[in-house]
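Reading the structure
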Amino acid sequence: MKMSRKSILTVSALFFASVLAPAFAAGPDGYPAYSGPPVELTMWAWTSNENYSIDLFQKAYPSIKVKWTNVGGGGDEYTKILTATSAGSGLPDVIMSEYTYAPEFVQFGSFQAINKWVPESTYLQYFPKVTLKWTAQDGNIYGTPQDSGASTMVYRKDVFDKYGLTVPKTWAEFAVMAAKLHKANPKIQPISFPANWVLGPLGLVWQAGGKLFDYADGKWYIDFTNPTATKVFTYWAKLVKDGAVTPDMWWNSDWYKELSDGGAATVISGGWFPEWLQLNSPDAKGTWRVATLPQWDASKPMNGEMGGSGFYVSSQSKNPEAAALFVLWLNSHKDSILQLHDKAQLPVLWANSFINGLGPSLAGQEYPYFGGQKITPVSLEAMNQVAKNPQNAFTALPVMDFVSSSQETELKKFLDGQEDINAFLKNWQDAVVAFMAKQGFNNVVVGQLPK
Amino acid sequence: MKKKNSLRAYLFLAPFLVFFVLATAYPLVYGIILSFFGQRGAKMWFVGANNYAAVVADPQFWSGFGIPAFLLFVQIPLMLLLGIFIALLFERIKRSAFYRLIFYLPYALPGVIAGILWSYMFSKSMSPFVPLLKAMGVAQPDFITNPNLPWILLVIILWEWTGYTALVLYSTLVSIPPEYAEAAQIDGATRFQIALHIKVPMLKNTLFLLLIFNSIGALQVFNEPRMLGGLITLPPNFTPAMYIYNEAFSYGAFTFAIAMGLVLAAVIFVISFLFMKGSVKELDVHA
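It is worth spelling out the overall build of chain A at this point. Scanning chain A from N- to C-terminus turns up 18 helices and 13 strands. Taken against the 2.2 N^0.38 rule, which gives 22 Å for 451 residues, the C-alpha radius of gyration of chain A at 24 Å falls within 12% of a compact globule. Its C-alpha atoms put chain A at 100 × 55 × 40 Å along the principal axes. When the 451 residues of chain A are sorted by exposure, 59% land in the buried category. In chain A, once contacts between residues fewer than 6 apart in sequence are set aside, the share between residues at least 24 apart is 76%. Surface summary for chain A: the accessible area is close to 17700 Å², and the carbon and sulfur share equals 56%.

Dropping the structure here:
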């Protein structure tokens, strides 16, 4: 068979195209292309229905497969991360972690930097800069942010109506509401305040424009007794002393019951909480509503996060390029974000495509569980209150489990009347500083925060 | 001939020896080696005996022994007394198999499930005792408070282990030849006297064994307090085993935790040894 010159040209063009294409082609929808061999990534994550996004990702990047395992939520997964890191093997390629625990895993050597494939300029196309506080350290990017923990306040409309309470816009109004409800019915807690969940109080300090610790220029800064922190803790200590608020042990059966039967009039928690409540307290359908947090200064609304998680590339990953592209696409592509919102039930996400696209488009969506309330605008506003005050965001200490357990221990002493709130802050800080030293951190600055 | 016999013995022992080496001896030796290293993540460096020095000097570690001591001096004697009493009842009742099964059941329940069960028992809002206490005029029963904690542990552990203890004692009782009791009866001894002066002394060996095993259990107590940790704030060093667990799995200080584990093992060894030494004269050793 004799080939025409045209067909020879076509065949050779196709040949060169097939050989060279991977090196030159851009990835799907402007995302970076994958240049490595076909791989199967492994991932640990505890969100539900992550598979819908994975399916779409595998279509966008056909040579990367992702095998997802749920090895337990939060602490259950963290013990496995610590163990597998120490053992030198056993970590998956991609790890889900709350933003507050990520610095610990960075320091522990569980994550690896992905700047080579996702440089900061690429990252910032898809995520707001503030999120780098939770996904990067010293210029190294370790992962991407998924959901937002921007705090909201859920409140029992039935309780508020019955006792003639108005939803507080400021903390001063909140204190009045708490006292009024406590007087009317001491059996109902004005708020279920966590006795064993440190992210709660940390988020409240953040919301007031403060922080207890941060990381900058290679140093850990610790200052628990700064004026803003003291103001927030003193406020809550007064509510406790007045008898209106009794901190609860969260996450146990008594607490679930309290959320279901109207034993608490409000709960302040992260942006993911409304969905969590819906799943864990179905009996209370129709009774709860969502609001933004009361403010210290209503003219300058601010907010903080409580929880929220990112996806990070593990130090033991043999395929960091594929893993980096996966975490970038998973948490930012609009198709994935839609699945994460609808199927994985994450109310608000940190991706630009959510903040500027999907989020606002959901403004009219009614939630039957919340009595038909359109909750997305509330959650989005809460998130924007965080995003607009990036100076308040901080990197958590690399010993958060200890920060948490020591807070619980010291808070118990305060509640048992053994120490006042100033002693609580001082003793808590001393315990954390001592623990950091015990863990071998010699780059700790005590008594001040970064400028 | 002798050599051939011992070879055969080792052959029969092989399944056990393989597991012993893999699951006990190797981890122990490896653990001892690791305990001489400092560690953060996958990084390790030799520190000599520093971990041991830190354990011995760590007041947090030693203050965790309060709960085991309470169990040792209060819960175990109480359980052994109850066990003897129930075992004697088993022996007296005809067709006691049903009761033996009932008393044994808590022991057969996995610790985690028992933990969930008891967390409901002591729940503020859902405990079955709440309506009862309310009827008795207690407005807001709060079981789980710091001063109550040792007693709550005592209740749970008694519930878990007394039936088992009674069953072990009962199996010893039934192996006592009936002639002793019959002879005593002919001599005019009452049932109580027979129980106290004939039967109980013959339980001595079994009681001693139970004492050793339960003391080891008390020093290692972990499951029950860990379950209670969801209901009330417990310090990370509430018991030595909890402290070891937290140092390893919450804070990632594995080699320090191993050193603590080995020190705890040494403490257990010493206590067991003292018990043995103190009791060996009292025992009938059929060697």
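What chain B contains, in helices and strands, is 14 helices and two strands. Based on the C-alpha atoms only, the size of chain B along its principal axes is roughly 75 × 75 × 30 Å. Out of the 287 residues in chain B, the part that is buried amounts to 40%. Nonlocal contacts in chain B, meaning residues at least 24 apart in sequence, comprise 67% of its contacts between residues at least 6 apart. Split by element, the accessible area of chain B, about 16700 Å² in all, is 72% carbon and sulfur. Charge separation in chain B, taken as the distance between the mean sites of 18 positive and 11 negative side-chain charges, equals 9 Å.

Residues and elements named next belong to chain A. As paired elements, strand β1 (residues 39-44) and strand β2 (residues 64-69) share six bridges and run parallel to each other. Bridge assignment links W44 to a residue of β2, and that residue is T69. A crossover links β1 with its parallel partner β2, the connecting element being helix α2 (residues 51-60), and its sense is right-handed.

Below, the discussion takes up the sheet that holds strand β11 (residues 288-291) of chain A. Residues and elements named next belong to chain A. Here three strands make up an open sheet; going across it, the order is β10-β7-β11 and the pairing antiparallel. For this open sheet the edge positions go to β10 (266-269) and β11, each flanked by a neighbour on one side alone. Put simply, the sheet's adjacent strands are angled 25° from each other on average, direction ignored. With four bridges connecting them, strand β7 (residues 152-156) and β11 associate as antiparallel partners. Paired with V154 across the two strands is V290, which belongs to β11.

Here we come to the interface of chain B and chain A. Each side of the interface is counted separately: chain B has 29 residues, and chain A has 25 residues. Summed over both sides, the interface between chain B and chain A buries roughly 2300 Å², with carbon and sulfur atoms accounting for 53% of that surface. The largest share of the area that chain B buries against chain A comes from B:R40, B:T233 and B:Y251, three residues that together contribute 31% of it. At the surface where chain B touches chain A, the tally comes to one salt bridge. The tally of links from chain B across to chain A stands at 10 residue pairs in polar contact (both at pLDDT 80 or more). Every element with two or more residues in the side of chain B that touches chain A is listed here: β1 (37-40), α13 (240-250) and α14 (254-279) of chain B. For the side of chain B that touches chain A, the element with the highest residue contribution is α13(B), accounting for five residues. Residue composition of the side of chain B that touches chain A, by class: 15 nonpolar, 10 polar and four charged.

Residue and element names in this part refer to chain A. Counted by the stated rule, this structure contains 70 aromatic pairs over all chains. Relative to W236, the ring of W171 lies with its centre 5.5 Å away and its plane at 75°, an arrangement referred to as edge-to-face. Of the two residues, W171 is situated in helix α8 (residues 171-184) and W236 in helix α10 (residues 227-241); the sequence distance between them amounts to 65 residues. Exposure class is identical for W171 and W236. Each is buried. Measuring from ring centre to ring centre gives 6.0 Å for F213 and F224, while their planes differ by 50°; the resulting arrangement is tilted.

The next subject is the confidence of the model for chain A. Interpretation of the predicted coordinates at a detailed level should be avoided for regions scoring low in pLDDT. Of the residues in chain A, 94% have a pLDDT of 70 or more, and the chain-wide mean is 93. Scored below 50 in pLDDT, residues 16-24 of chain A makes one contact in the model with residues more than four places away or belonging to other chains.

Once that is clear, we can look at a nonpolar patch on the surface. All names here are of chain B. A cluster of nonpolar residues, Y10, L13, F16, L17, F20, V21, Y26, V29, Y30 and I33, forms a patch on the protein surface that exposes about 990 Å² of accessible area. Looking at the secondary structure, you find F20 in helix α1 (residues 2-34). A relative accessible area of 36% means that F20 is categorised as partly exposed.

This part takes up unusual backbone geometry. All names here are of chain A. Not every positive phi belongs to a glycine, and Q345 is a case in point at roughly 55°. Turning to its location among the elements, Q345 is positioned in the loop between α14 (334-342) and α15 (352-361). A relative accessible area of 28% places Q345 in the partly exposed class.

What counts as what
Residues numbered from 1 in each chain as written. Chains lettered and ligands numbered in written order. Predicted model: local features only at pLDDT ≥ 70, side-chain atom pairs only at ≥ 80, totals over all residues. Heavy atoms only, no water. Helix = DSSP H or I, 4+ residues; strand = E, 2+ residues; numbered from the N terminus. Rg over C-alpha atoms; globule rule 2.2 N^0.38 Å. Buried < 20%, exposed > 50% of the residue type's maximum accessible area, 1.4 Å probe, protein only. Contact = heavy atoms within 4.5 Å. Areas by Shrake-Rupley, 256 points an atom, 1.4 Å probe, with all protein chains shown as cover. Lys, Arg positive; Asp, Glu negative; His and termini not counted. Charge placed at Lys NZ, Arg CZ, Asp CG, Glu CD. Pairing = 2+ DSSP bridges. Right-handed = clockwise from strand over helix to strand, strands pointing away. Axes fitted to C-alpha atoms, helices over the stretch in contact; angles between N-to-C directions. Buried area = accessible area lost by both parts, 1.4 Å probe. Salt bridge = Lys/Arg side-chain N within 4 Å of Asp/Glu carboxyl O. Polar contact = N/O pair within 3.5 Å; in protein donor to acceptor, adjacent residues only side chain to side chain. Nonpolar A, V, L, I, M, F, W, Y, C, P; charged D, E, K, R; others polar. Phe/Tyr/Trp six-rings, centres within 6.5 Å; stacked < 30°, edge-to-face > 60°. pLDDT = per-residue confidence, 0-100. Patch = residues over 30% accessible without salt bridge, like charges linked within 9 Å, V, L, I, M, F, W, Y side chains within 5 Å.

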